[in-house]
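Each chain is listed here by its residues.
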Amino acid sequence: MNRYLVILIRRPQCDPAVVPLHQQFLAELREQGRNEMSGPFGDKTGGAYLLRAESLDDALAIAHRDPAHVSGGWDITVREWLAV
């Protein structure tokens, strides 16, 4: 599996009620061995998680199921990360 960095930036219309749903989604990914690490940015503008997926299409499909994306409250970018 490859690694993908999923970057989330909060939009002004971000609903704080979605945050626990997003956190549960990340916990489920962690249980599946797909979320290596995750966390918010220090300035509270968003956060990121390191996703394990077979391909960019797979990573995008997973990230687009994230309640943060579904709610429309965050801009999400997915990049393959060739970290060592």
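Above: the structure in question.
As a starting point, this report considers the structure included with it. (Residues numbered from 1 in each chain as written. Predicted model: local features only at pLDDT ≥ 70, side-chain atom pairs only at ≥ 80, totals over all residues. Heavy atoms only, no water.)

### Some remarks on the overall build of the protein
- Of regular secondary structure, the protein possesses 3 helices and 4 strands.
- Starting at the N terminus, the α and β elements of the protein follow one another as β-α-β-β-α-α-β.
- Across its three principal axes, the protein shows a C-alpha extent of roughly 35 × 20 × 20 Å.
- Residues counted as buried form 33% of the 84 residues belonging to the protein. (Helix = DSSP H or I, 4+ residues; strand = E, 2+ residues; numbered from the N terminus. Buried < 20%, exposed > 50% of the residue type's maximum accessible area, 1.4 Å probe, protein only.)

### Observations regarding the sheet that holds strand β3 (residues 46-53)
- Pairing in this open sheet of 4 strands is antiparallel, and the strands run β2-β3-β1-β4 from one edge to the other. Each of the sheet's edge strands pairs with one partner strand only, and the pair in question is β2 (35-40) and β4 (74-80). Recorded for the sheet is a direction-independent mean angle of 15 degrees between the axes of neighbouring strands.
- Against the sheet, helix α2 (residues 56-63) makes contact with β1 (2-10), β3 and β4, and its axis sits at roughly 135 degrees relative to β3, the strand it touches most. (Pairing = 2+ DSSP bridges. Axes fitted to C-alpha atoms, helices over the stretch in contact; angles between N-to-C directions. Contact = heavy atoms within 4.5 Å.)

### Brief notes about the nonpolar core
- Formed by 18 residues in total, the largest nonpolar core has its most connected members in V6, L29, Y49, L51 and W74.
- For this core, the elements supplying multiple residues, two or more each, are β1, α1 (19-31), β3, α2 and β4. (Core = buried A, V, L, I, M, F, W, Y, C linked by side-chain atoms within 4.5 Å.)

### Considering unusual backbone geometry
- One non-glycine residue, K44, adopts positive backbone phi at about 65 degrees.
- Tracing the backbone shows K44 in the loop between β2 and β3.
- With relative accessibility at 61%, the residue K44 sits in the exposed group.

### Overview of the side chain of R34
- Checked against the element boundaries, R34 lands in the loop between α1 and β2.
- A polar side-chain atom of R34 sits 3.4 Å from a polar atom in the side chain of D58.
- With near-sequence residues (within four places) excluded, R34 lies in contact with M1, L29, L50, L51, R52, A53, D58 and I62. (Polar contact = N/O pair within 3.5 Å; in protein donor to acceptor, adjacent residues only side chain to side chain.)

### Overview of the pairing of β2
- Note that β2 and β3 share 5 bridges and pair antiparallel. Of the residues in β3, the one forming a bridge with S38 is Y49.
- Connecting β2 to the antiparallel partner β3 that follows it, the hairpin turn spans 5 residues, and K44 within it adopts a positive phi of roughly 65 degrees.

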